[in-house]
Amino acid sequence: MAVEDFVYAARPARVIFGSGTSERLPEEVARLGARRALLLSTDAQRGHAEALAMCLGDVAAGIFSGAVMHTPVAVSERATEMARSLGVDVIVAVGGGSTTGLGKAIALRTDLPQIVLPTTYAGSEMTPIIGETQDGIKKTRTTEKVLPEVVIYDIDLTLDLPAALSGTSGMNAIAHAVEALYARDRNPVVSALALEAIRALARSLPIIARAPRNAGARADALYGAWLCGMCLGSVGMALHHKLCHVLGGSFDLPHAETHTVVLPHALAYNAPALPGVMERLEAVLGGEPCRALQDLGRAIGAPGSLADLGMAESGIEQAATIALANPYWNPRPLERDAIRDLIARAHGGALPLVDRRTT
Ligand code: NAD
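Since the structure is predicted, the reported quantities are computational estimates derived from the model, not experimental observations.

Conventions and cut-offs
- Residues numbered from 1 in each chain as written.
- Predicted model: local features only at pLDDT ≥ 70, side-chain atom pairs only at ≥ 80, totals over all residues.
- Heavy atoms only, no water.
- Near = heavy atom within 4 Å.
- Polar contact = N/O pair within 3.5 Å; in protein donor to acceptor, adjacent residues only side chain to side chain.
- Helix = DSSP H or I, 4+ residues; strand = E, 2+ residues; numbered from the N terminus.
- Nonpolar A, V, L, I, M, F, W, Y, C, P; charged D, E, K, R; others polar.
- Phe/Tyr/Trp six-rings, centres within 6.5 Å; stacked < 30°, edge-to-face > 60°.
- Lys NZ or Arg CZ within 6 Å of the ring centre and 35° of its normal.
- Buried < 20%, exposed > 50% of the residue type's maximum accessible area, 1.4 Å probe, protein only.
- Patch = residues over 30% accessible without salt bridge, like charges linked within 9 Å, V, L, I, M, F, W, Y side chains within 5 Å.
- Areas by Shrake-Rupley, 256 points an atom, 1.4 Å probe, with all protein chains shown as cover.
- Salt bridge = Lys/Arg side-chain N within 4 Å of Asp/Glu carboxyl O.

Draft legend 1. Structural view of the site of the ligand. The immediate surroundings of the ligand are formed by 20 residues, with T42, S98, T119, T120 and T127 found nearest. Within the side chain of T120, a nitrogen or oxygen atom sits 2.6 Å from an oxygen atom of the ligand. Here K138 contributes a side-chain N or O atom positioned 3.1 Å from an oxygen atom of the ligand. Ranked by residue count, the leading element in the shell around the ligand is helix α4 (residues 97-110), at three residues. Class assignment for the residues of the shell around the ligand results in seven nonpolar, 10 polar and three charged.

Structure representation (structure tokens):
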């Protein structure tokens, strides 16, 4: 298949990857010309922030350990106030998407540079996207101002990520790469990253489910998650992300688990419009892609249906209506009956309905 026309914009970020790389934090702070750092974490991960503060010595000006899910504006304003009153010149965030989100929110308000040490597979550190919550409403925007300058991937920081969270966080990352392959603004560079990412995560997640401290599998998964974050930060997403957004927002379903359940069905819906993509996915997943993704979800011990996640059957119709309310781009046109059927199958934990005849 010949290369199609495309536009590709590289996003500037310095990435350090390996085991024990946290120790390189002081030299990275110095490299930015910074002298006073504010460290960020969740309450549960304050220990990670304290260890980094020790490593930074006098350069560590303070720790804000109040990061929480969905980046509430009130928390961001408190942390920004702390950054201003301490006169810091760099933000160091250690944690998952919630802590990275807080760092981005401070950067949005202050233009301070960010160094991120990710401890999950969410991938936020590679995107210029920020979602902030106020009065129960989450608003997402894209601006280069929030893109972190430096990302230190330290495999050791992920060894204690609980097995269940590792699995669904990894599946959530895979979903970014899968949708990148058929994004409207797809390009061959991001597609190559996406396939490499899916390969790395598909081989490592089942190992992590059995042996969470397996260093080789953790390295593969973190590497895959980095690439998935680049996919999410580079190209637009489609039906799968829209459905998960609707299900998470309107039915209060857990984010990563919902992605894990829905992905095989959303891909099956789009499959007839993606002949070339399905073949490439088959090559990296080692079998029919929709079934392979569902099997991967089972192998990591994730919940198998939206019903298992607590969604009532009566929500299926409503979810289809909301998902179709604001039209958006998708490789296969949005057909109400087929989308309702997709949600019903995900709700019941059925096999994905795979029909690859091109539409
Ligand atoms: P999270 O950051 O909320 O972390 C979940 C819990 O796991 C927290 O209590 C955290 O302290 C703990 N934890 C994280 N890493 C750990 C580790 N290695 N060991 C032990 N405990 C650990 O979860 P998440 O899934 O990483 O992030 C979810 C948030 O990120 C959501 O708000 C989502 O919207 C956002 N997100 C944003 C983007 C973006 O591009 N803006 C991308 C992906 C996710």
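Draft legend 2. The packing of aromatic side chains, seen in detail. As enumerated under the stated definition, the model contains four aromatic pairs in all. Taking the centre distance of 6.4 Å and the plane angle of 50° together, the rings of Y153 and W226 count as tilted. Of this pair, Y153 sits in strand β8 (residues 150-154) while W226 sits in helix α7 (residues 215-234), and the two are 73 residues apart along the sequence. A network of ring pairs unites the aromatic residues F17, Y153, Y223 and W226 as a single cluster. In this structure, R332 is placed above the aromatic ring of Y269, and the distance from its NZ or CZ to the ring centre is 4.0 Å.

Draft legend 3. Looking closely at the environment of G248. Of note, G248 is situated in helix α8 (residues 239-251). Accessibility expressed as a relative area gives 23% for G248, which makes it partly exposed. Sequence separation of G248 and H259 is 11 residues, and the distance between their C-alpha atoms is 9.5 Å.

Draft legend 4. Highlighting a nonpolar patch on the surface. On the surface, a cluster of nonpolar side chains totalling about 370 Å² of accessible area is made up of V3, F6, Y8 and V189. Summarising the element assignment, Y8 is placed in the segment before β1 (14-18).

Draft legend 5. Spotlight on the pattern of salt bridges. By the definition in use, this model includes 12 salt bridges. Of the charged contacts, one joins D220 and R203 as a salt bridge, the two residues approaching to 2.8 Å between their closest N and O atoms. Of this pair, D220 sits in helix α7 while R203 sits in helix α6 (residues 188-210), and the two are 17 residues apart along the sequence. Residue class for D220 comes out partly exposed when judged on its relative accessible area of 22%. Salt-bridge contacts for D295 lead to R298; the nearest nitrogen and oxygen are separated by 3.6 Å. Taken together, the residues span about one helical turn, with D295 and R298 both in helix α11 (residues 289-299) at a distance of three residues. The partly exposed category is assigned to D295, whose relative accessible area is 43%. Residues joined in a network through salt bridges with shared partners are E317, R336 and R340.

Note that all results are geometric; they support no functional claim without further evidence.
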